[in-house]
Amino acid sequence: MSAFSRQRSSRAHGRERQASGHSSRIPDGVRGESYRSREPVYRSLNRKPTYGGPAIEIRELPIRSPATTVATSSTEAAFAEAWTHCAMAMKDHEEARIQAWKEEIDTELVFAALFSAILTAFDVEAYKMLQPQGSNNTISITVLTDSTRQSNPNVIATGSPSTSSGPSTRYAVAINALWFSGLICSLAAASVSILVRQWLNQYTAGLTSISPEIARVRQFRRDSLKKWRVSEIMMLLPILLLGAVVLFLVGLVLFLKQLNDAITNIASVLVAILLFFVFATTVLPTFKDDCSYQSPQAWGFFVIFQALKRPLRSIFRTISASANRLAASGVDGYFIRARSRYAKRLVQRLAPFANKPNTYSWVARERILVEASGAVLDQHLIVEADTTFLEDTFLQDVVRPCLNDMAPDAAVHAFYDIMAHRADRIENGLPYFDTRNDRTESVAVLTDLTLDTLQRTRAAAADSNVHDHAIRTMRVLEPLLVRALPLTYDHFCRVFFAMVGDPEEKVRQYAFSILYQQLWRNLALADQNWSGGCHDLAALVQFIGSAHQDGTHGPKLKHFLDACDLVICLATLPSLSLADYADLHADLQRTLAHLRAFFETPLWRNEPALLYPIARIAAHLVALERKYARALEDEFVEVLADVIEQARRMNHDGNWEDKLKILEKSLNELRALRQGGHSPSVASPEEMIEGRTLALAVSM
C-alpha cells in the first residue's frame with residue numbers, strides 16, 4: 001500500500017471515529033432520528049465542504065435506524081404536503097386578488113376615458129373666457145376720448161382705459177381652474193392605472209406552478225408589493241377620479257351661474273345631493289361597524305379618525321377615572337350624593353368609548369363583530385340558504401343538520417323564519433300549508449324539522465321565553481301532523497313522550513294533549529309501529545303520577561284520565577303478544593293503581609263531566625280483560641262498581657243516563673269475563689272493532 005493510500009485511509013478512519021464519537025453522545029431518545037434542519041423539507045440539502053480539497057457537492061445523509069425509516073419518511077411526506085397546500089392556498093388567493101385589481105383598473109380606465117372626453121369638450125369652451133378682449137373696443141374708447149378732449153379742452157384726461165377684471169373674469173378663472181384640474185386628475189388616474197396594470201402583469205408572470213421555488217418567488221413579489229405600497233396606489237385611483245368629478249361639478253355650477261339663476265339653483269340642488277351622498281358613504285363606515293360602504297376614500301377617513309381617537313380616548317379615560325373617584329359610595333350629603341350620581345352616569349356613557357380598542361383595519365374590526373354575533377350570523381346564513389334554493393332535499397340534507405348543530409336560541413329563530421317563507425299563508429302568526437296540493441313529502445320534512453326544533457327548545461335555557469317557544473312550536477306542529485303523521489310517527493312519539501316529562505307544567509300539559517289526540521285517533525298506526533320501541537310508557541306513567549298528585553280541578557283531572565286511557569289503549573293493541581305484555585306489565589299496573597286511587601277519592605264527584613272519560617276507560621278495561629285474563633284485580637272491579645253506584649246517585653235529572661248504561665254494561669262484561677275464566681289471547685278483529693265503536697260512542 002502506498003503512502004498516499006495509507007494517509008487517505010488514516011484520514012477516513014479518523015473521520016469515522018469522529019462521527020462515531022458524535023453518535024455515541026446522542027441521547028437514547030434521539031439516537032436513530034435524522035438530523036433535520038429547521039428549513040422546509042423541500043429545501044435543497046446541498047452543503048459546502050468543510051475541509052480542504054476540491055470543491056465537490058456533498059449531500060448529508062441522515063443518521064437513521066431501520067426502525068424509524070418508515071416513520072421519518074411519512075413525517076417528511078406530511079410536511080411536504082402541508083407546504084404544498086400552503087402554496088396552493090396562497091396561489092389561489094393571490095390570483096383572485098390580482099384579478100380583482102385588474103378588473104377594477106379596467107373599469108377605472110373606461111370611466112376616465114369617458115369622463116376626460118366629456119370634460120375636454122367643456123374645457124374647449126371654457127378657456128375662451130380667459131382670452132383678452134378684442135382690440136376694436138380699445139380703439140373705440142381711444143377715439144372717443146380724443147374727440148371729447150378737442151371739443152372740450154377743460155376736460156381732464158383720465159388716462160388709459162381701465163383694464164380691471166370684473167366678476168365675470170373671476171368666475172372664468174375659477175371655472176377654468178376647476179375644470180382643468182379635474183381633467184388633470186382624470187388623466188393622472190388613467191396614466192397611473194396603466195402603470196399599475198403593467199406592474200401587475202409583471203407580478204403574475206411565471207407564477208403558474210406551486211413548486212417550492214415558485215412559492216418563494218411569489219412570496220418575494222408579494223413582499224415587494226407591500227414594501228412599495230402598490231395597494232395604496234391602487235386605492236388612490238378611485239380617489240383621483242372622484243376628486244375630478246367633484247371639481248367638474250363645482251365648476252359646472254359656477255358656469256351655470258353666469259347664464260341663468262333658475263338653472264343654477266336646480267343644478268346646485270342635484271350636485272349637493274350627490275356630494276352629500278358621497279360624503280355620507282365616506283363617513284358612515286367609520287361610525288357604523290356593519291356599514292358596507294367601504295371604499296378607498298372611506299378607508300382613508302377611517303384611518304385618520306382612528307389616529308385622532310387615541311388622544312381623545314386618553315382624555316376620556318382620564319375624565320372617566322376622575323368621575324369614578326367622585327362616584328365613591330358611602331358619602332353623605334345631598335350635593336355629594338347628587339355629584340356621585342351624575343359622576344356614575346358620566347362613567348357609564350364614557351366607558352364604552354374609553355375602553356373600546358383602536359382598530360386600524362376593517363378586517364380586524366369585522367372579526368371582532370363576527371365573533372360577537374356568530375350564532376346570529378349562523379341563523380341568517382341557514383335562512384338565506386333555504387330561501388335561495390327552496391328544495392326539500394336541501395332542507396332535509398343540509399338545513400336540518402345545520403339547525404341541529406346551531407345554538408338552541410339561534411336554531412329556534414331560524415326555524416320561525418324558514419317556516420314563514422315556506423308557508424302558503426300566515427294566520428295569527430302561525431304558518432299553514434294548503435292541503436289541496438300534493439306536498440306530503442315536503443310537509444313530512446317540515447314536520448321533522450319542527451320536531452327537531454321542539455327538542456332544541458328544551459335546551460334553550462338561556463332564552464327567557466323558552467316555554468313560549470315550545471308552546472308556539474307545538475302550535476305550528478299541530479296542522480302539519482294531519483298529513484305527515486304516518487311518515488313521521490316514530491320521530492313524533494319519541495319527541496312527545498319526552499315532552500310530557502317537561503318541568504314546565506304548561507308545556508307538559510299541552511304536549512300531552514297533542515300526544516293523546518294523535519295516538520288515540522291513530523291506534524292502528526300505533527299498532528304498526530309498536531315494534532319500533534317509540535312508545536315510552538314509563539314517561540307516560542310518570543306524567544300520570546304528577547297529574548294525579550297535582551290534579552285538583554277539571555282540566556288536570558281530565559288529562560290524568562286521558563293518560564290512563566291512553567296506556568290501556570296501547571296495552572290492548574292487536575299486535576301485542578304475551579311477551580310484549582310482560583314488558584309493559586309493570587307500567588300498566590302502576591297506571592291501574594293510580595286509577596284505582598283516584599276512583600276511591602271524591603274528586604271525580606265534584607266534576608260530573610268526568611263521567612265521559614270514565615265511561616271510555618271502562619270500555620277499554622273490558623278490552624284489556626278480554627285480551628289478558630285477570631289483568632284487573634278483584635279490588636279494582638269492586639272500586640269500579642262503587643263508582644257506578646255513586647254515578648247512579650248523582651244522576652237525578654237523567655243527564656248521564658247514556659254514560660251509566662255504558663258503565664253498567666262494561667261492569668257486567670268484566671264480571672262475566674272473570675267468572676268465565678277467559679284465557680289470555682289476542683283479541684279478534686271483531687272484538688277490537690266492537691270495543692273501538694263503543695269507545696267512540698262514549699266520546700260523543
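Structure: see above.
Residues numbered from 1 in each chain as written. Predicted model: local features only at pLDDT ≥ 70, side-chain atom pairs only at ≥ 80, totals over all residues. Heavy atoms only, no water.

J.: Any chance you could break down the environment of aspartate 527 for me, citing the residues and the numbers?
T.: Turning to its location among the elements, aspartate 527 is positioned in helix H17 (residues 523-528). Beyond its immediate sequence surroundings of up to four residues, aspartate 527 is in contact with Leu573, Pro574 and Ser575. (Helix = DSSP H or I, 4+ residues; strand = E, 2+ residues; numbered from the N terminus. Contact = heavy atoms within 4.5 Å.)

J.: Mind laying out the side chain of threonine 282, listing which residues take part and the relevant values?
T.: Looking at where threonine 282 falls in the secondary structure, it is placed in helix H7 (residues 261-287). Here valine 278 takes part through its backbone oxygen, which lies 2.6 Å from a polar atom of the side chain of threonine 282. In this structure, threonine 282 is in contact with Gln297, Ala298 and Phe301, ignoring residues within four places of it in sequence. (Polar contact = N/O pair within 3.5 Å; in protein donor to acceptor, adjacent residues only side chain to side chain.)

J.: Which residues make up the packing of aromatic side chains, and what are the values?
T.: Scanning all chains against the criterion turns up 19 aromatic pairs. Among the aromatic side chains, those forming a connected cluster through ring pairs are Phe111, Phe115, Phe122, Trp179, Phe248 and Phe255. For arginine 472, the ring lying beneath its charged end belongs to tyrosine 416, and the centroid distance is 3.8 Å. Over the face of the ring belonging to tryptophan 520 we find arginine 616, whose NZ or CZ atom lies 5.8 Å from the ring centre. (Phe/Tyr/Trp six-rings, centres within 6.5 Å; stacked < 30°, edge-to-face > 60°. Lys NZ or Arg CZ within 6 Å of the ring centre and 35° of its normal.)

J.: Give a detailed account of the pattern of salt bridges, specifying residues and quantitative values.
T.: In this structure the tally under the stated criterion is 28 salt bridges. Of the charged contacts, one joins arginine 197 and aspartate 106 as a salt bridge, the two residues approaching to 2.5 Å between their closest N and O atoms. One end of the pair, arginine 197, is in helix H4 (residues 167-204); the other, aspartate 106, is in helix H2 (residues 69-126), and 91 residues separate them in sequence. Taking the relative accessible area as the measure of exposure, aspartate 106 reaches 34% and is therefore partly exposed. For arginine 674, the salt bridge is made with glutamate 625, and the minimal N-O distance between the two is 3.7 Å. Of this pair, arginine 674 sits in helix H23 (residues 657-676) while glutamate 625 sits in helix H21 (residues 611-627), and the two are 49 residues apart along the sequence. A relative accessible area of 9% means that arginine 674 is categorised as buried. (Salt bridge = Lys/Arg side-chain N within 4 Å of Asp/Glu carboxyl O. Buried < 20%, exposed > 50% of the residue type's maximum accessible area, 1.4 Å probe, protein only.)

Worth remembering: the numbers are spatial, not functional.
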